[in-house]
Amino acid sequence: PTDDMRSDHVDGYCICKVLVQNSPVLHLGDHAIRPLGACKQGGTPPPVPNDFASIMGQKLPPRLYYLMLHGIISHKLPQALAKGEWTDKSQPLVETRQFRELLNEVAGYRQVALGLVAQHLHKSF
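Residues numbered from 1 in each chain as written. Predicted model: local features only at pLDDT ≥ 70, side-chain atom pairs only at ≥ 80, totals over all residues. Heavy atoms only, no water.

Caption draft 1: Main features of the overall build of the protein chain. Along the protein chain, the regular secondary structure elements total 5 helices and 2 strands. In sequence order, the protein chain lays out its α and β elements as α-β-β-α-α-α-α. By the burial criterion, 18% of the 125 residues in the protein chain qualify as buried. Across the protein chain, every contact between residues at least 6 apart in sequence was considered, and the portion connecting residues at least 24 apart equals 47%. Working note: accessible area of the protein chain is about 9600 Å², and carbon and sulfur atoms make up 59% of it. (Helix = DSSP H or I, 4+ residues; strand = E, 2+ residues; numbered from the N terminus. Buried < 20%, exposed > 50% of the residue type's maximum accessible area, 1.4 Å probe, protein only. Contact = heavy atoms within 4.5 Å. Areas by Shrake-Rupley, 256 points an atom, 1.4 Å probe, with all protein chains shown as cover.)

Caption draft 2: Representation of the pattern of salt bridges. One pass over the full model with this rule turns up 2 salt bridges. Between Asp3 and Arg6 there is a salt bridge whose closest N-O contact spans 3.7 Å. Residue Asp3 and its partner Arg6 are both found in helix α1 (residues 3–21); the two are separated by 3 residues, about one turn of the helix. Residues Glu101 and Arg97 are paired through a salt bridge, measuring 3.0 Å at the closest nitrogen-oxygen approach. One end of the pair is Glu101 and the other is Arg97, both in helix α5 (residues 97–118) and 4 residues apart, which spans about a single turn. (Salt bridge = Lys/Arg side-chain N within 4 Å of Asp/Glu carboxyl O.)

Caption draft 3: Spatial organisation of the state of the cysteines. Using the criterion set out here, one finds 0 disulfides in the structure. You can see Cys14 has no disulfide; the closest cysteine sulfur is in Cys16, sitting 10.0 Å from it. (Disulfide = S-S within 2.5 Å.)

Caption draft 4: Examining the nonpolar core more closely. Among the nonpolar cores identified, the biggest contains 12 residues, and these are Ile33, Leu60, Leu64, Tyr65, Met68, Ile73, Leu77, Ala80, Leu81, Leu114, Val117 and Leu121. Looking at this core, the elements with two or more residues in it are α3 (62–69), α4 (76–83) and α5. (Core = buried A, V, L, I, M, F, W, Y, C linked by side-chain atoms within 4.5 Å.)

Caption draft 5: Up close: the environment of Leu121. With respect to the helices and strands, the residue Leu121 is situated in the segment after α5. By relative accessible area, which is 11% here, Leu121 ends up buried. Along the sequence, Leu121 and Lys59 sit 62 residues apart, while their C-alpha atoms lie 8.8 Å from each other. Filtering out sequence-adjacent residues up to four positions away, Leu121 remains in contact with Leu60, Pro61, Leu64 and Leu81.

Caption draft 6: Spatial organisation of a nonpolar patch on the surface. A cluster of nonpolar side chains, namely Ile15, Ile55 and Met56, defines an oily patch on the protein surface of about 230 Å² accessible area. Relative to the elements of secondary structure, Ile15 occurs in helix α1. (Patch = residues over 30% accessible without salt bridge, like charges linked within 9 Å, V, L, I, M, F, W, Y side chains within 5 Å.)

Caption draft 7: The environment of His70, seen in detail. By secondary structure assignment, the location of His70 is in the loop between α3 and α4. A distance of 3.0 Å separates a polar atom in the side chain of His70 from the backbone oxygen of Tyr66. (Polar contact = N/O pair within 3.5 Å; in protein donor to acceptor, adjacent residues only side chain to side chain.)

Caption draft 8: Seen up close, the pairing of strand β2 (residues 32–35). As judged from the 4 bridges shared by strand β1 (residues 24–27) and β2, these two strands associate in the antiparallel manner. Counterpart to His27 in the pairing with β2 is Ala32. Linkage of β1 to β2, two consecutive antiparallel strands, is achieved through a turn of 4 residues, within which His31 is found at a positive phi near 50 degrees. (Pairing = 2+ DSSP bridges.)

Caption draft 9: Geometry of the environment of Ile15. For Ile15, a relative accessible area of 39% translates into the label partly exposed. Between the C-alpha atoms of Ile15 and Ile55, which are 40 residues apart in sequence, the distance is 7.3 Å.

Structure representation (structure tokens):
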């Protein structure tokens, strides 16, 4: 393997390790968003790398995690803002006129929902 391939592999490994060790988790005991490694209540969380936001993106507001956890809003809303597109994995095998009309009708509701969520997010979204 070339040096570039080795470097890419090491970078990928390091990013994966950081994401696994520092994944944001809602801790129900004190309703706080902390890294996965900070399991003990009242304990000090492990240090998160300074450039973590460049890997994971900006932290979502705790209220948004709360709403997603309780099923009030879908996880697809912040995901769509982060990706810049709405992704639907479930589509019919044959596209019909009725399905296309349904998508057009739902688009307006999605835009309103995205706007309501976006006003409470970090500017980078």
